[in-house]
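Residues per chain are reported as follows:
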Amino acid sequence: MNTLFRTTESPFLQYLNQPSTSDRRRRISSLPVRIGLGRSTRTGLAKTTTRMMASSSSAATETVGREVLKKGIADFYDESSGIWEDIWGDHMHHGFYNPDVQASISDHRSAQIRMIEESLSFAGVPDSLKKPKSIVDVGCGIGGSSRYLARKYGAQCQGITLSPVQAQRAQALAAAQGLADKVSFQVADALQQPFPDGQFDLVWSMESGEHMPDKKKFVSELARVAAPGATIIMVTWCHRDLSPSEDSLKPEEEKLLNKICDAYYLPAWCSAADYVKLLQSLSLQDIKAADWSQYVAPFWPAVIRSALTWKGLTSLLRSGWKTMKGALAMPLMIEGYQKDLIKFAIITCRKPK
Ligand SMILES: C[S@@+](CC[C@H](N)C(=O)[O-])C[C@H]1O[C@@H](n2cnc3c(N)ncnc32)[C@H](O)[C@@H]1O
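Predicted, not measured: the structure shown is a model, and the values here were computed from it. (Residues numbered from 1 in each chain as written. Predicted model: local features only at pLDDT ≥ 70, side-chain atom pairs only at ≥ 80, totals over all residues.)

1. Observations regarding the overall build of the chain
- Across its full length, the chain holds 15 helices and seven strands.
- With 353 residues in all, the chain has 44% of them scored as buried.
- The long-range fraction of contacts in the chain, counting pairs at least 24 apart against all pairs at least 6 apart in sequence, stands at 78%. (Helix = DSSP H or I, 4+ residues; strand = E, 2+ residues; numbered from the N terminus. Buried ≥ 20, exposed ≤ 12 C-beta atoms within 10 Å, placed from the backbone. Contact = placed C-beta atoms within 7 Å.)

2. What about the packing of helix H12 (residues 299-307) against helix H15 (residues 330-338)?
- In contact at an axis separation of 9 Å, H12 and H15 are set at 160 degrees when each is read in the N-to-C sense. It follows from the interaxial angle that H12 and H15 lie roughly antiparallel. Seen from above, H12 lies across H15 with left-handed handedness. Residues Trp-300, Pro-301, Val-303 and Ile-304 of H12 lie in contact with H15, whose contacting residues are Met-330, Pro-331, Met-333 and Ile-334.
- Across the contact of H12 with H15, the residue classes break down as eight nonpolar, no polar and no charged. (Axes fitted to C-alpha atoms, helices over the stretch in contact; angles between N-to-C directions. Parallel < 35°, antiparallel > 145°, perpendicular 65-115°, else oblique. Left-handed = near helix turned anticlockwise from the far one by under 90°. Nonpolar A, V, L, I, M, F, W, Y, C, P; charged D, E, K, R; others polar.)

3. Thoughts on the nonpolar core
- Among the nonpolar cores identified, the biggest contains 78 residues, and Val-203, Trp-204, Leu-222, Ile-232 and Tyr-275 are the most heavily contacted of them.
- Among the elements that make up this core, the one with the highest residue count is strand E5 (residues 226-239) (eight residues).
- Excluding residues that lie within four positions of it along the chain, Tyr-275 makes contacts with Lys-215, Val-219, Met-234, Cys-270, Ala-289 and Ile-347. (Core = buried A, V, L, I, M, F, W, Y, C linked by C-beta atoms within 7 Å.)

4. A short note on the sheet that holds strand E2 (residues 156-161)
- Spatially, E3-E2-E1-E4-E5-E7-E6 is the arrangement adopted by the seven strands of the open sheet, whose pairing is mixed. Edge strands, defined here as strands with exactly one partner in the open sheet, are strand E3 (183-187) and strand E6 (285-291). For this sheet the average axis-to-axis angle between neighbouring strands, irrespective of direction, equals 15 degrees.
- With five bridges connecting them, E6 and strand E7 (residues 342-350) associate as antiparallel partners. If you follow Ala-289 over to E7, its bridge partner there is Ile-347.
- Across the sheet, helix H7 (residues 164-176) touches E2 and E3, and the angle it forms with E3 is around 165 degrees. (Pairing = 2+ DSSP bridges.)

5. Brief notes about the site of the ligand
- Near the ligand you find 23 residues, and of these Gly-139, Gly-141, Ala-190, Ser-208 and His-211 are the closest.
- Among the secondary structure elements, those contributing two or more residues to the shell around the ligand are helix H4 (49-88), helix H6 (144-153) and E2. (Near = placed C-beta within 6 Å.)

6. Considerations on helix H9 (residues 251-264)
- Helix length check: H9, at 14 residues, gives a terminal C-alpha distance of 20 Å against a target of 20 Å (1.5 Å per residue), a fit within 8%.
- Taken as a whole, H9 has its buried residues at Glu-254, Leu-257, Ile-260, Cys-261, Ala-263 and Tyr-264.
- Of the surrounding elements, those touching the buried residues of H9 are E5, helix H14 (321-328) and H15.
- The positive-phi residue at the C-terminal boundary of H9 is Tyr-265, with phi of around 60 degrees. (Expected span 1.5 Å × (residues − 1).)

7. Concerning the confidence of the model for the chain
- Residues with a pLDDT of 70 or more make up 84% of the chain, whose mean pLDDT is 84.
- Below a pLDDT of 50 lies the segment residues 1-54, which in the model reaches 81 contacts outside its immediate sequence neighbourhood of four places, other chains included. (pLDDT = per-residue confidence, 0-100.)

8. A few points about the packing of H9 against H15
- Axis separation between H9 and H15 bottoms out at 10 Å; the angle between their running directions is 145 degrees. Pair H9 / H15 crosses with left-handed handedness. Along the contact surface, H9 presents Leu-256, Lys-259 and Ile-260, while H15 presents Leu-332, Met-333, Glu-335 and Gly-336.
- Tallied by class, the residues present in the contact of H9 with H15 amount to four nonpolar, one polar and two charged.

9. Quick notes on the environment of Cys-270
- Inspection of the secondary structure puts Cys-270 in the loop between H9 and helix H10 (272-281).
- Spatially, the C-alpha atoms of Cys-270 and Asp-241 are 8.3 Å apart, while their sequence positions differ by 29 residues.

Written out as C-alpha cells, the structure is:
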C-alpha cells in the first residue's frame, strides 16, 4: 500500500516530517501516540547507530502507545454503545440541522439520517445510475450507516470496528432487519484493513478519523481499498486550520483538546487542511472539504439534555467510569466549537480511474 506514498512529498508533509515540528504540534495528554504523518519515512534517514537505536526505541514506544489507544477505544465503545443505542438509536454521530432553528428531541434522529444524506450529496454519490455496489464502513459503530447505505443502494456493505461488542450488535441488528446477506461486520483496525486493494466503490468513514493515531496511514488505507473511480467520504472532528503565521495551536487550545482526547480516547488532532494535503499527496481527485460546524451546533446540547433525563442519569450510573468520563467531557466539546477550535469537517475525494 505504501506505493501510494512514493510520490513526491508535498512541502506540508516534509514540514511534518521534521521531528521538532511534529513534536511541537502533535502532543497528546495521556497516550504516547503521534499523528504519524510521514513518520515511517524518517526511519530511512537514521544514519548512525545511535540514531537508529533512538529511532527504534521511539518506534517501539509508538507501537505500545497505539496498542494502548486501540484497547482504550475498544473498551470505551464496548462499555458505552448499549447506553448510546438505548437513548439515541443506532447512529453514533452528529446530526445535521438547519442553523438557528430550535430542534426538538424527535428531530435528532432525522438529523442523523440527514447527516448521511448531506454527506452523500456533498460527495456527489449518484442515487440511481452508477450507484455504489460495494461499500466499506470504516469505524462502523453498531452499523447504522452500513445498514442505511446497504438498503438505500441495494449494496453489499462491510463494516469494521475495534469494539467486539459493536461488531456483534451490528450483526444482530442486521439479521433482525433482514439484511444479513447484505451487510457484515468484523473487528479490524482501520489502519490495517482486512481487504484487498481496490475492493469498494464507496469508502465511508463517519466520525472515526478522529480516533486514528496515524492520519497518513488512515487515509492511505482508505485509498488502497477504494476501487478505481470510487468515492471516499470522511466526516470527522478536526481542529481549526492554522493561519500562515502559526505553526501550532495556542497552548490553551492544546490544553482543551488534550482533555477531550483523554475522555474520548483520541490521539492528536489535525485540521481539515491537513487532510486535504494528505489526499493531494496521494494524487486523489475532486478533493473537497467543508466546515459543517454550524450545522451540528444543536447536537451536543441535545446529548447533554438526554443525559440529564431520568433514563439518561440512571443508565449513566449503571455504566462504567469510561462512559461517565465521556459524559462529563461533553461540555468541553461545546466549548471547543464555541471557541472556533473544533471543526466538524467533511472531506471527500475520488480515486482516479
Ligand atoms: C463515534 S463512533 C462512530 C460509529 C459510526 N461510524 C456511526 O456513525 O454510527 C467511532 C467508531 O470508530 C471506530 N474506530 C476507532 N478507531 C478505529 C480503528 N483504528 N479501526 C477501526 N475502527 C475504529 C470505533 O470502534 C467506533 O466504532
